[in-house]
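Fold and contact review
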Amino acid sequence: LGIKVIFVYTYSGVLALADRAQKDGVLLLDPLDCDEDLAALPNSVICIAKMSEDLARVPTLYAIGRSDLPASLLYVENDAFPVKMASVTRKLLNDAGHQLVIDAGYQATTNDFRALLLKARQGGSKSLFLYGYAETGVILKQLKEIGFQPQVYAMANILSPDIKAVAGAGLENIIFSNL
């Protein structure tokens, strides 16, 4: 086909295509994500954006500075990007001497988070880190339903139409990084 350059706008997409692009002599250009893992890929991958980790680093350090602790963490476990964000938050909290009340990955198709949210509330969580996609709206809605109001920290996609449609009033007072 003569394709020489492909713009890739998803973290997982870059990871999935890197080896094949190298074999085919195609340059992958990621204008949204960049981190040590992407930089270590074959030299046919170029990332020209913010450090991906900062999307989790900035709000986590902010939560530590505000003493929004203890915290809980929920993330999509079958996607590399939320897993990376969760690992950054987990490490920063551990390095600062804070253990997570709940540290749970879930499948993107999950639609009932009440048991995890109740455990987080019972464990005294003052904050909740959410790294996911459309299902994040369900989590926010269920937080409201059970009357649990931790400070929520999330990714910038929290303002997406899919999340807004489900979360409704659960979108209030959320802190996110949009570096």
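For the structure itself, consult the block above.
Residues numbered from 1 in each chain as written. Predicted model: local features only at pLDDT ≥ 70, side-chain atom pairs only at ≥ 80, totals over all residues. Heavy atoms only, no water.

A cis geometry characterises the amide bond from L69 onward to P70, with omega recorded as 5 degrees. Summarising the element assignment, P70 is placed in the loop between α3 (54-66) and β4 (71-76). The backbone of N173 shows a phi angle near 65 degrees, a positive value even though the residue is not glycine. With respect to the helices and strands, N173 occurs in the loop between α7 (161-167) and β8 (174-177). (Helix = DSSP H or I, 4+ residues; strand = E, 2+ residues; numbered from the N terminus.)

Okay, the packing of aromatic side chains next. According to the stated counting rule, one finds four aromatic pairs in the structure shown. Judged by centre distance (6.5 Å) and plane angle (35 degrees), the rings of F129 and Y131 are tilted. For Y131, a relative accessible area of 0% corresponds to the buried category. Members of the aromatic cluster, joined through ring pairs, are F129, Y131 and Y153. (Phe/Tyr/Trp six-rings, centres within 6.5 Å; stacked < 30°, edge-to-face > 60°. Buried < 20%, exposed > 50% of the residue type's maximum accessible area, 1.4 Å probe, protein only.)

The next thing to look at is the nonpolar core. Residues A71, L73, F81, M85, L93, F129 and Y131 are the most contacted members of the largest nonpolar core, which totals 30 residues. Among the elements of the structure, α1 (11-24), β3 (45-47), α3, β4, α4 (80-95), β6 (127-131) and β7 (151-155) are those that each provide at least two residues to this core. Ranked by the residues each element gives to this core, the list is headed by α4, at six residues. Excluding its chain neighbours within four sequence positions, the residues that come into contact with A71 are L93, Q99, L100, V101, I102, S125, S127 and F129. (Core = buried A, V, L, I, M, F, W, Y, C linked by side-chain atoms within 4.5 Å. Contact = heavy atoms within 4.5 Å.)

Turning to the sheet that holds strand β2 (residues 27-30), a few remarks are in order. Backbone-to-backbone hydrogen bonds pair the strands of a sheet. The strands run either parallel or antiparallel. Sheet architecture is open: three strands sit in the order β1-β2-β3, paired in parallel fashion. Two strands in the sheet have a free side with no partner beyond their single neighbour: β1 (5-7) and β3. Ignoring strand direction, the axes of neighbouring strands in this sheet form an average angle of 20 degrees. Where α1 meets the sheet, it contacts β2 and β3, and its direction lies at approximately 160 degrees from that of β2. (Pairing = 2+ DSSP bridges. Axes fitted to C-alpha atoms, helices over the stretch in contact; angles between N-to-C directions.)

On to the side chain of E135, then. Tracing the sequence through the fold places E135 in the loop between β6 and α6 (136-146). Buried charge without a partner: E135 forms no salt bridge, and the closest opposite charge is R90, 14 Å away. Engagement of the side chain of E135 in a polar contact is seen with the side chain of Y106, the distance being 2.8 Å. (Lys, Arg positive; Asp, Glu negative; His and termini not counted. Salt bridge = Lys/Arg side-chain N within 4 Å of Asp/Glu carboxyl O. Polar contact = N/O pair within 3.5 Å; in protein donor to acceptor, adjacent residues only side chain to side chain.)

Here we take up the pattern of salt bridges. If you walk through the whole model with that rule in mind, you get 12 salt bridges. R114 is the partner of E145 in a salt bridge, and the nearest nitrogen-oxygen pair spans 2.9 Å. On the criterion of sequence distance, the pair formed by E145 in helix α6 and R114 in helix α5 (residues 114-122) is long-range, its members being 31 residues apart. Classification of R114 by relative accessible area gives partly exposed; the value is 31%. For E145, the salt bridge goes to K141, with nearest N and O atoms at 4.0 Å.

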